[in-house]
Each structure stands twice: as C-alpha cells, then as structure tokens.
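# Examining the three-dimensional arrangement
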Amino acid sequence: MSIRGDFPILARQVGDRPLVYLDNAATTQKPRAVLEALETYYANHNANVHRAAHQLAGEATALLEGAREKVATYLHAANPEEVVFTRGTTEAINLVANVLTGAVSSGDEILITYLDHHSNIVPWQMLAQRTGAKLLAVNVTASGDLDLADLEKKLGPKTRVFAFNHVSNALGTINPARELIAKARQFNALTVVDGAQAALHEDIDVAQLDCDFYAISGHKIYAPTGIGALYGKMSLLEELPPWQGGGEMIEQVRIDASTYQKPPFKFEAGTPNIAGAIGLGAAIDYLNSIDKVALTAAEDKLVTRALMELAKIPTVKFVGEPQARRAVISFLIEGLHPHDAGTLLDQQGVAVRTGHHCTMPLMEQLQIPGTIRASFSLYNDDSDVDALIAGIHKLQEFV
C-alpha cells in the first residue's frame, strides 16, 4: 500500500535529483487533505471562535471543537475537555511545568532521562530553579535503552514529577511507557509523557497508560506547525491554576480579581491557532482513512532493511541499537563529520538531519558531538532506502 501520491511535496526535486525525505523526526510532510482543509477554512469559515453570535463564528467554533474531539478520540481520552490546544509538545510541557510551580517544593525531586529532548529537560530545570526541587536524570545504556536499574535507584518517595519521552527522537528507542508510569504511580509521582515522536507510530491510549499528562505536536503527524495538544487528567486540570491570562480563559474579570473558565479553556488564553487545530483534525481524519497498522508494519520492515544495508558498509557505525526501535536510525561515518555527510547527501537529493538533535545531554553521555539521523514515515519506501545507501557509498569518495 502506497500513500506517497497524497503528499505533493514528495514529487518535487532537489537540484536535479528526486527528493528523498528522511527527516521525519524533525517534521513530517503534509497530505492534500490537510492543505485543502486549511484553504477551505480561510476561504469559507474564517472568524474568531467562542465570542460572537454571527454564522462564521459559529462555523469556526464548530470546526475548532470538532478538532478537539478528534484529538481526544485519537488519544483515547475520556472526553474532549481533557485536551488543551497548544503550539506543540514544547509549549505543552512548559505549560505543565509552570502550573506545577505551587505543587513542587524544596526537598522534592523531579526525574527526567538522558534520552529526553531539550523541551523535556529545560522546563524542568526552570521549575527546579523556581522551587528549590532537585533535578535527577535516568541514565541510558550503551545500546540506547533506558537504564531501568538506574531508574530504580532514582525513582522514590521524594519524586514529585517523572517526565520522559515515549519514543526517542535521537535514537528511536521505544520506552516502556506503561511500565514506567506504573513505577511512578507507586510513589504518587505525577507523570508527564513527551509523545511527539510516538503519536504517529504508536496507538496512544492515555487511559490505558494511566499517565497524568501526554503531549503531542501536530507537525509530527502530518498536521501544520504551531499546533499541538496536551492531554491532562480532568481532576488535575480542574485543580491546577491557569498558566497565561487574557481573553478566552476568563469567566468574570474585575479590576481586583478574576475567575476562570473550566478546562480546557482555562489553559487557552487568547485567540487559538484555529486553522492549525482544523489542520490537526484533518490530519487525524487522514490517518483514520488509511490502513495505519499495515503501513506501520511496512515502515518497520523498511527500517530493518535500512539497518541491514547500512551494516554492510564498513565505515558506518550505529549510534544506539535499542531493544525496541521506531522509525529512527542514528549513525556516524568514519572519517566524515556528520554535518559534511548531511551536506553531501543533500546534493544527492537525500534529506537527513545531522547534529545533536536537541539531545545534548544524551550526546555527552554517549561521548559524541552528534549523529547522522535518518528518520522514516509511513510514506517512505524501498526507493528511499536505496537512495540513502547509494548516497553513502558515493560519500566514500570524499572520505
């Protein structure tokens, strides 16, 4: 089953070469269905939401709230009110870290991991600085898996928050999210899951995971940039204070005090990214229209084939060989700086990512400055792997 034809950009060329797009962990391309949904909104329904009695406002509001329902269903949330629209995973995690300021104090511990993206590190550093809490990080094994023995040492009764990613953007490691959440639950620690890389490839069921918060980015699942969502348990969303103040999130405003709306609106100050949310809903509709299970299985086979072919190249050294991997391969080429490799591959139409992938603590622990990262999506096929391998063989001329 091929869906490549649904993505117009995949038909373009880079120079005189067909585009081979293997930078999906950074952002995915957009299907026509999403592009058309954005155009339709702006051409026919553009208005601000929740605030007016006129027809366009009603239509825009219905589209926005319809998108919220689609996200809730996609994440298996109990109800749409548990879904807060954000600019993406980064803002979602910052939101949680900020509203927990009053719930974390000196003597508490915040636990993260060396696998985490900077967006799941820096907000917790800032929370620790505000509150006097201690920040700890779970080590990573040489193979790129979370060190569960180290987790047992660092997770304990002082742990107030445990934040981790579901799938590593740098190595593709699939973390045992349900197991990690269950361990945290033993100590009544709040769990915050960075689902940016998992949302496209895993069947996310927040109720089954029993996480307190789960964050996703739309642009990682074929939706526009600048839109994402935070799932939060309703009991916590009701209890926690708002993060930002302004329009939309208020119930009553006086000069001396204000009251706030119920979740999720309490956390959505100002005019939301209406078009982005509609695009996110359209992306979810698109994913629901394809055989995602079959395409994910095909993607896994493609990644396995790429690993096998790369292993045949003597100068290629893998960075991380986790027990369970999703869609990402990180590697180095002996005698060639990752940035130079990325530039030379780009000249052959192959788009990969090079550098530290916003995981500098991980790279420091692995004692490398960065990697070459090839990341796959449901629209990639054998021709993309062939082009990557041919491109790397071509690079040998420069080594």
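Quick summary incoming for the structure in this document. (Residues numbered from 1 in each chain as written. Predicted model: local features only at pLDDT ≥ 70, side-chain atom pairs only at ≥ 80, totals over all residues. Heavy atoms only, no water.)

On to the overall build of the protein. In terms of regular secondary structure, the protein is built from 13 helices and 17 strands. Its C-alpha radius of gyration of 22 Å places the protein within 12% of the 21 Å reference for a compact globule of 399 residues. In the protein, of all internal contacts separated by at least 6 residues, the share reaching a separation of at least 24 is 71%. Accessible surface computed for the protein: about 16800 Å², of which carbon and sulfur atoms make up 51%. (Helix = DSSP H or I, 4+ residues; strand = E, 2+ residues; numbered from the N terminus. Rg over C-alpha atoms; globule rule 2.2 N^0.38 Å. Contact = heavy atoms within 4.5 Å. Areas by Shrake-Rupley, 256 points an atom, 1.4 Å probe, with all protein chains shown as cover.)

We now examine the sheet that holds strand β17 (residues 371-375). If you walk across this open sheet you meet the four strands as β13-β14-β17-β16, and the pairing is antiparallel. Each end of this open sheet is capped by a strand with a single partner; those strands are β13 (316-318) and β16 (353-355). Direction aside, the axes of adjacent strands within the sheet are offset by 35 degrees on average. One ladder, built from three bridges, connects β13 with strand β14 (residues 328-333); its direction is antiparallel. The residue of β14 that forms the bridge with Val316 is Ile333. (Pairing = 2+ DSSP bridges. Axes fitted to C-alpha atoms, helices over the stretch in contact; angles between N-to-C directions.)

Moving on, we come to the pattern of salt bridges. Summed over the entire model, instances satisfying the criterion amount to 22 salt bridges. Here Arg4 and Asp384 are joined by a salt bridge, their closest N and O atoms 2.8 Å apart. In this pair, Arg4 sits in the segment before β1 (13-14) while Asp384 sits in helix α13 (residues 382-395), placing the two residues 380 residues apart along the sequence. Per residue, the accessibility class of Arg4 equals that of Asp384, and both read buried. Residue Glu91 pairs with Arg87 through a salt bridge whose shortest N-O separation is 2.9 Å. In this structure Glu91 comes out as buried when scored by relative accessible area, which is 16%. With a relative accessible area of 59%, Arg87 lands in the exposed category. (Salt bridge = Lys/Arg side-chain N within 4 Å of Asp/Glu carboxyl O. Buried < 20%, exposed > 50% of the residue type's maximum accessible area, 1.4 Å probe, protein only.)

Bringing the pairing of β17 into the picture now. Most of β17 is tucked away, with five of its five residues classed as buried. The side-chain alternation of β17 yields two buried faces, one formed by Thr371, Arg373 and Ser375 and the other by Ile372 and Ala374.

As a further point, take the sheet that holds strand β7 (residues 159-165). Spatial ordering of the open sheet is given by β4-β10-β9-β8-β7-β5-β6, a layout of seven strands whose pairing is mixed. This sheet does not close on itself; its edge strands, each paired only once, are β4 (83-86) and β6 (134-138). Across the sheet, the axes of successive neighbouring strands diverge by a mean angle of 20 degrees, strand direction being ignored. Note: β7 against strand β8 (residues 190-194), five bridges, orientation parallel. From the neighbouring strand, Asn165 faces β8, where its bridge partner is Asp194.

Turning our attention to the packing of helix α2 (residues 55-75) against helix α9 (residues 274-289). Direction vectors running N to C along α2 and α9 enclose 45 degrees, while the axes themselves pass 8 Å from each other. On the basis of the axis angle, α2 is oblique to α9. When you trace α2 past α9, the crossing you get is left-handed. Of the residues in α9, those in contact with Ala60, Leu63, Leu64, Ala67, Lys70, Val71 and Tyr74 of α2 are Ile274, Ala277, Ile278, Leu280, Gly281, Ile284, Asp285 and Leu287. Among the residues forming the contact of α2 with α9, the class breakdown is twelve nonpolar, one polar and two charged. (Parallel < 35°, antiparallel > 145°, perpendicular 65-115°, else oblique. Left-handed = near helix turned anticlockwise from the far one by under 90°. Nonpolar A, V, L, I, M, F, W, Y, C, P; charged D, E, K, R; others polar.)

We now examine unusual backbone geometry. Here Pro263 and Pro264 are connected by a cis peptide whose omega angle stands at 5 degrees. Looking at where Pro264 falls in the secondary structure, it is placed in the loop between β12 (258-260) and α9. Look at Ala327: it is not a glycine, yet its phi comes out positive at around 70 degrees. Within the secondary structure layout, Ala327 lies in the loop between β13 and β14. A positive phi angle, near 60 degrees, is found at His357, a position not held by glycine. Examined against the element boundaries, His357 turns out to sit in the loop between β16 and α12 (360-366).

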